[in-house]
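Working through the structure, step by step
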Amino acid sequence: MATLKVPTLGVTGGIGSGKSTVCRLFETLGAQVFYADEEAKRLMTKDRALRRAILDAFGPESYLPNGQLNRAYLAARVFHDAEALRRLNALVHPHVLKAFKQVRKQAAQAKVPLLILEAALLFESGADQLVDHVLVVDAPEAERIRRVVARDGIAPEDVRARMQHQLSPEMLRARADFILENTGSLEQLRQQVEALYRQLTRA
């Protein structure tokens, strides 16, 4: 009996590029999206083995008294310490990739037309090895900073600090199978997404 397979697309891009918007547009067309960052947050709270590993690595302050992840504490620990960030990612990424493999199996059984793996650190985590193609969403740096400042209410220098932990747009574009320029209207973005969806699901 042949192994069931689902077409898969990795979607990534720098902070503020609009990759989440792109994924929501794919969802309206019938694609299923696995949001890696959201799954990571869920697992850091719910997965006992991962919780223990984070506590061992970063101390009891990593979790609030109610059991929720102390995001402010962890962010302060890792965003200005590249080694601490590497340690945290090394703990979390394998659990997220394992979860995606399970979702991929379920999506194939359900005959989902397209499964998308959305991840800011798609290449850094090795998740690009689990998908058929990679789409990079891009926009000029100044526009990306403006979007994040408006969305999160943080200072431009804080956005730039986050950008330092991501691959450069040039590196992302060089490794992409598809590039989507998110510089126009939402309708223009929708048209690009629809064209790519048709291309990927034609077979």
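About the criteria used
- Residues numbered from 1 in each chain as written.
- Predicted model: local features only at pLDDT ≥ 70, side-chain atom pairs only at ≥ 80, totals over all residues.
- Heavy atoms only, no water.
- Helix = DSSP H or I, 4+ residues; strand = E, 2+ residues; numbered from the N terminus.
- Rg over C-alpha atoms; globule rule 2.2 N^0.38 Å.
- Buried < 20%, exposed > 50% of the residue type's maximum accessible area, 1.4 Å probe, protein only.
- Contact = heavy atoms within 4.5 Å.
- Areas by Shrake-Rupley, 256 points an atom, 1.4 Å probe, with all protein chains shown as cover.
- Lys, Arg positive; Asp, Glu negative; His and termini not counted.
- Charge placed at Lys NZ, Arg CZ, Asp CG, Glu CD.
- Pairing = 2+ DSSP bridges.
- Axes fitted to C-alpha atoms, helices over the stretch in contact; angles between N-to-C directions.
- Salt bridge = Lys/Arg side-chain N within 4 Å of Asp/Glu carboxyl O.
- Phe/Tyr/Trp six-rings, centres within 6.5 Å; stacked < 30°, edge-to-face > 60°.
- Lys NZ or Arg CZ within 6 Å of the ring centre and 35° of its normal.

A look at the overall build of the protein chain
- For the protein chain, the helix and strand inventory stands at nine helices and five strands.
- Mapped from its N terminus to its C terminus, the protein chain presents α and β elements in the order β-α-β-α-α-α-α-β-β-α-α-α-β-α.
- Radius of gyration (C-alpha) of the protein chain: 18 Å, near the 17 Å computed for a compact globule of 203 residues.
- Judged by the C-alpha coordinates and their principal axes, the protein chain covers about 50 × 50 × 30 Å.
- A buried classification covers 44% of the 203 residues belonging to the protein chain.
- Across the protein chain, every contact between residues at least 6 apart in sequence was considered, and the portion connecting residues at least 24 apart equals 73%.
- Accessible surface for the protein chain amounts to roughly 11,100 Å². Of this, 52% is attributable to carbon and sulfur atoms.
- Separation of charge centres in the protein chain, based on 29 positive and 24 negative side chains, amounts to 6 Å.

A few points about the sheet that holds strand β4 (residues 133-138)
- Here five strands make up an open sheet; going across it, the order is β2-β3-β1-β4-β5 and the pairing parallel. Each end of this open sheet is capped by a strand with a single partner; those strands are β2 (32-35) and β5 (178-181). Strand after strand, the sheet turns through a mean of 25 degrees between neighbouring axes, direction not considered.
- Alignment of β2 against strand β3 (residues 115-118), held across four bridges, turns out to be parallel. Each bridged residue has a counterpart across the sheet, and for V33 the counterpart in β3 is I116.

Points about the pattern of salt bridges
- This structure, assessed with the given rule, holds 12 salt bridges.
- The residue E39 makes a salt bridge to R42 at a minimum N-O spacing of 2.8 Å. Taken together, the positions of E39 and R42, both in helix α2 (residues 36-46) and three residues apart, correspond to about one turn of that helix.
- Where E83 meets R86, a salt bridge forms, and the shortest distance between an N and an O atom there is 2.8 Å. Pair noted here: E83 and R86 are both in helix α5 (residues 82-109), with a separation of three residues, about one helical turn.
- Taken together, the salt bridges that share partners define one network made up of D138, R173 and E181.

Details of the packing of aromatic side chains
- Counted according to the given criterion, the structure contains one aromatic pair.
- Seen in terms of ring centroids, F34 and F100 are 5.3 Å apart; in terms of plane orientation they differ by 70 degrees. Their pairing is edge-to-face. Here the residue F34 occupies a position in strand β2, and F100 occupies one in helix α5, the gap between them amounting to 66 residues.
- When its relative accessible area of 6% is taken as the criterion, F34 is described as buried.
- Here the guanidinium or amino end of R51 rests over the ring plane of Y63, the centre of that ring lying 4.2 Å away.

Some remarks on the side chain of K19
- Within the secondary structure, K19 is located in helix α1 (residues 19-29).
- No salt bridge forms around the buried K19; measuring N to O, its nearest opposite-charge neighbour E118 is 5.0 Å away.
- With residues near it in sequence (within four places) discarded, K19 still touches V11, T12, G13, G14, E118, A119, A120 and V137.

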